[in-house]
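Examination of the molecular architecture
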Amino acid sequence: WLRLPLDAPKGAPRQHLPQRPDQDDLPELPPLDILMVEDNEINRIVARELLERDGHRVTEAHNGLEGVDAAETSTFDIILMDVSMPEMDGVTATRVIRTGESLSADTPIIATTAHALPDDLAAFREAGMNDVLVKPVSARSIRTALAKAMLDSNDDDDERVAVDMIASAELLIDWDRLEDLEKD
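Below or above, wherever it landed, is the structure these notes cover. (Residues numbered from 1 in each chain as written. Predicted model: local features only at pLDDT ≥ 70, side-chain atom pairs only at ≥ 80, totals over all residues. Heavy atoms only, no water.)

As summarised here, the arrangement of the five strands in space is S2-S1-S3-S4-S5, forming an open sheet in which the pairing is parallel. For this open sheet the edge positions go to strand S2 (57-61) and strand S5 (131-134), each flanked by a neighbour on one side alone. Between one strand axis and the next, the sheet turns through 25 degrees on average, direction left out of account. Sitting on the sheet, helix H3 (residues 90-99) is in contact with strand S3 (78-82) and strand S4 (109-113), with an inclination near 145 degrees to S3. (Pairing = 2+ DSSP bridges. Helix = DSSP H or I, 4+ residues; strand = E, 2+ residues; numbered from the N terminus. Axes fitted to C-alpha atoms, helices over the stretch in contact; angles between N-to-C directions. Contact = heavy atoms within 4.5 Å.)

Given below as structure tokens:
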């Protein structure tokens, strides 16, 4: 890190930073049945608490094989799929769910990962994942991803555009850092 104390030129208008999209713009979701496939215990605890606080029901699987088994025997509204796991990774598990006789074969699958490079995103989509939730997750990022996934099958284009804008802003901007910069 390099920090330089720079003053704006005299008379220059102060630039205002972009404003965080309002979370109230997200549609209210009914309680959802969510399959969370995640090998890391701490990540499972955090995500489960955030989801249950919003009224969702969470079924946990600790690796890709368990996730495939759960998806084959139950119908879920959303599947949150970690990408890097032992036994079977999330990309392979997604392919198996999409091509098998799974009860959740058509369920939206959201990748959860810290690997969000463009090539990674393309590979996730090619495997059958609908979207990507970048770790570390927050209540806001989970709500946005769930709303976006549920709206993808909805015909309300205006609402989908609003949620897409929020999702893009969440992915591209670290709002907490931006707010810290604005305070200085």
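Next, the rest of the story.
Now for the packing of helix H1 (residues 41-53) against helix H5 (residues 139-151). Contact geometry for H1 and H5: axes closest at 10 Å, N-to-C directions at 65 degrees. Classified by the interaxial angle, the pair formed by H1 and H5 is roughly perpendicular. Our pair here, H1 against H5, has a crossing hand that is right-handed. Only Ala139, Ile142 and Leu146 of H5 make contact with H1, whose side of the interface consists of Ala47, Leu50, Leu51 and Arg53. (Parallel < 35°, antiparallel > 145°, perpendicular 65-115°, else oblique. Left-handed = near helix turned anticlockwise from the far one by under 90°.)

To continue, consider the pattern of salt bridges. Under the definition given, this model contains nine salt bridges. Across the pair Lys135 and Asp82 runs a salt bridge whose closest N-O atoms are separated by 2.9 Å. You can see Lys135 sitting in the loop between S5 and H5 and its partner Asp82 sitting in strand S3, a full 53 residues away along the chain. Overall, the relative accessible area of 4% leaves Asp82 in the buried class. (Salt bridge = Lys/Arg side-chain N within 4 Å of Asp/Glu carboxyl O. Buried < 20%, exposed > 50% of the residue type's maximum accessible area, 1.4 Å probe, protein only.)

A distance of 2.9 Å separates the side chain of Asp82 from the side chain of Lys135, its partner in a polar contact. Apart from residues no more than four positions distant in its own chain, Asp82 is found in contact with Val37, Glu38, Asp39, Gly90, Thr112 and Lys135. (Polar contact = N/O pair within 3.5 Å; in protein donor to acceptor, adjacent residues only side chain to side chain.)

Remember that the coordinates give geometry; whether it matters functionally is a separate question.
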